[in-house]
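# An overview of the molecular structure
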Amino acid sequence: IKKIGVLTSGGDAPGMNAAVRAVVRTALSKGVDVYGVWDGYLGLHQNRIEQLARHDVSDLINRGGTFLGSARFPEFKEESVRREAIENMRQHGMEALVVIGGDGSYMGAKRLTEMGFPCIGLPGTIDNDVAGTDFTIGFHTALNTVLDAIDRLRDTCSSHHRIAIVEIMGRYCGDLTIMASIGSGAEFTIVPEKGFDEESLIQTVADDVTAGKKHSIIAITEHVTDVSALAKRIEARTGLETRATILGHIQRGGVPCAFDRVLASQMGSYAVELLSQGVGGRCVGIQSNKLVHHDIVDAIENMPRPFKQDLYDLTSLLA
Ligand code: F6P
């Protein structure tokens, strides 16, 4: 293999830059040229593709976001759009593509692979919701950001005897909420995988208040319920002021933590190793502390992501 491409796609995640850097530098060390694609599949379709030199990825390992840019591009579902994208890549002489992103991005990589253009997927998302890996690039940085935010909320909640509801990203995956809950000592943990019984939550919070509890933190994953409305209903029942805080996109930015930089570097390099051995159509993961790769189609279609019941149980045991 002589020329490969790399793109970042979907929601950005801290550590994506470190992954691109690793792809570029590993490839160059093997005499393979690398082409960077601007703004994910959108730029691939628009043929915004440029060759990357070693110095193009200097001073990036410590930067959040993705210097290549990212986009959500649902039109990539259409076969004609993908065909044009493949044509663009072939024009540049590219023979394979490294896609860094979440499961939507994997779907694009899977479809390109099925159309005869081999792709390797690297899991890059703060949600930790990608099959075939214990951790995604960006998850630990976002976790630290959420912990910092909850620590701050705890200070002010305890001063004012208030209840805080914290809405945490994750799409439909509760990993960020569960781990942030354990790390911050949140009193209540609500995640999409477990469903949500509002009446039972409010009753428990009210019982705690009757028993003398003066402040509480409720950690909840986005999309489960309207947190502002929930805050009003809790306040009405308990008599304690209740405020909802939606952490939002703050969780996506910031300097990648050590774990994400190292993970991204390992995964980026491993992707190039695989391609140089002629292996394509795979997604890279880390499982039980070892780098692994799986068939990308199989990962998307058949690999379950088991719910972290043990960690979920710990949230209430220690609350
Ligand atoms: O997938 C990352 C993520 O931040 C999710 O946690 C969230 O649901 C979504 O992206 C938000 O997407 P957008 O940035 O397009 O609003």
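An unreviewed UniProt entry lists the chain under the name ATP-dependent 6-phosphofructokinase, from Saccharospirillum salsuginis. You can read under Subcellular location (unreviewed entry) in the UniProt record for the chain the words "Cytoplasm". Turning to the chain, the UniProt annotation filed under Sequence similarities (unreviewed entry) states: "Belongs to the phosphofructokinase type A (PFKA) family. ATP-dependent PFK group I subfamily. Prokaryotic clade 'B1' sub-subfamily."

Put simply, the largest pocket is a space of about 570 Å³. Of all the elements, helix H4 (residues 103-114) adds the most residues to the lining of the largest pocket, at six residues. For the lining of the largest pocket, the per-class residue count stands at eight nonpolar, nine polar and 10 charged.

In the vicinity of the ligand, the contacting residues are Arg 72, Thr 125, Asp 127, Met 169, Gly 170, Arg 171, Glu 222, His 249 and Arg 252. Interatomic distance of 2.9 Å between a side-chain N/O atom of Arg 72 and an oxygen atom of the ligand. A distance of 2.8 Å is found between an oxygen atom of the ligand and a side-chain nitrogen or oxygen belonging to His 249. More than half of the atoms belonging to the ligand lie within 2 Å of the grid points that define the largest pocket. Partitioning the shell around the ligand into residue classes produces one nonpolar, three polar and five charged.

Turning next to the sheet that holds strand S9 (residues 242-246). Strand order in the open sheet made by the four strands is S7-S8-S6-S9, with parallel pairing throughout. The open sheet has two free edges, formed respectively by strand S7 (188-190) and S9, since each of these has just one partner strand. Ignoring strand direction, the axes of neighbouring strands in this sheet form an average angle of 15°. In this structure, S7 lies alongside strand S8 (residues 216-221), joined through three bridges in parallel fashion. Within the sheet, the bridge partner assigned to Thr 189 lies in S8 and is Ala 219.

One way to put it is that helix H7 (residues 198-210) packs onto helix H8 (residues 227-238) with a least axis distance of 9 Å and a crossing angle of 40°. By the criterion of interaxial angle, the relationship of H7 to H8 is oblique. Here H7 runs over H8; the crossing is right-handed. On H8, the residues touching Glu 198, Glu 199, Leu 201, Ile 202, Gln 203, Val 205, Ala 206 and Val 209 of H7 are Leu 230, Arg 233, Ile 234, Arg 237 and Thr 238.

It is worth spelling out the sheet that holds strand S1 (residues 3-8) at this point. Working definition: the strands of a sheet are paired by backbone hydrogen bonds and lie parallel or antiparallel to each other. The seven strands are arranged S3-S2-S1-S4-S5-S10-S11 in an open sheet whose pairing can be described as mixed. The sheet terminates laterally at strand S3 (49-52) and strand S11 (290-295), the two strands that pair on one side only. Sheet twist, expressed as the average angle between the axes of neighbouring strands with direction ignored, equals 30°. Alignment of strand S2 (residues 33-37) against S3, held across four bridges, turns out to be antiparallel. Its bridge partner lying in S3, Val 37 is registered against Ile 49. Along the sheet, helix H1 (residues 16-29) makes contact with S1, S2, S3, strand S4 (96-101) and strand S5 (119-123), crossing S1 at roughly 175°. Sheet contacts for helix H9 (residues 258-276): S1, S4, S5, strand S10 (282-287) and S11; angle to S10, the most-contacted strand, approximately 140°.

What follows concerns the packing of aromatic side chains. Counted according to the given criterion, the structure contains six aromatic pairs. Ring geometry for Tyr 41 against Phe 76: centres 4.1 Å apart, planes inclined by 15°, an arrangement best described as stacked. Note that Tyr 41 is positioned in helix H2 (residues 40-45) and Phe 76 in the loop between S3 and helix H3 (79-91), a separation of 35 residues in sequence. Aromatic pair Phe 73 and Phe 76: ring centres 6.4 Å apart, planes at 45°, arrangement tilted. Members of the aromatic cluster, joined through ring pairs, are Tyr 41, Phe 73 and Phe 76.

Looking at the secondary structure, you find Thr 26 in helix H1. A polar side-chain atom of Thr 26 sits 2.9 Å from a polar atom in the side chain of Ser 269. In this view, Thr 26 contacts Ser 269, Val 272 and Glu 273; residues no more than four positions away in its chain are not counted.

What counts, and at which threshold
Residues numbered from 1 in each chain as written. Predicted model: local features only at pLDDT ≥ 70, side-chain atom pairs only at ≥ 80, totals over all residues. Heavy atoms only, no water. UniProt positions renumbered as here; feature names shortened; annotations may be inferred. 1 Å grid on protein atoms, 1.4 Å probe; cavity = no way out; pocket = protein on both sides within 12 Å on 5 of 7 lines; lining within 4 Å. Points joined across faces, edges and corners; volume = space filled by probe spheres on them. Helix = DSSP H or I, 4+ residues; strand = E, 2+ residues; numbered from the N terminus. Nonpolar A, V, L, I, M, F, W, Y, C, P; charged D, E, K, R; others polar. Near = heavy atom within 4 Å. Polar contact = N/O pair within 3.5 Å; in protein donor to acceptor, adjacent residues only side chain to side chain. Sits in = over half its atoms within 2 Å of the grid points. Pairing = 2+ DSSP bridges. Axes fitted to C-alpha atoms, helices over the stretch in contact; angles between N-to-C directions. Parallel < 35°, antiparallel > 145°, perpendicular 65-115°, else oblique. Left-handed = near helix turned anticlockwise from the far one by under 90°. Contact = heavy atoms within 4.5 Å. Phe/Tyr/Trp six-rings, centres within 6.5 Å; stacked < 30°, edge-to-face > 60°.

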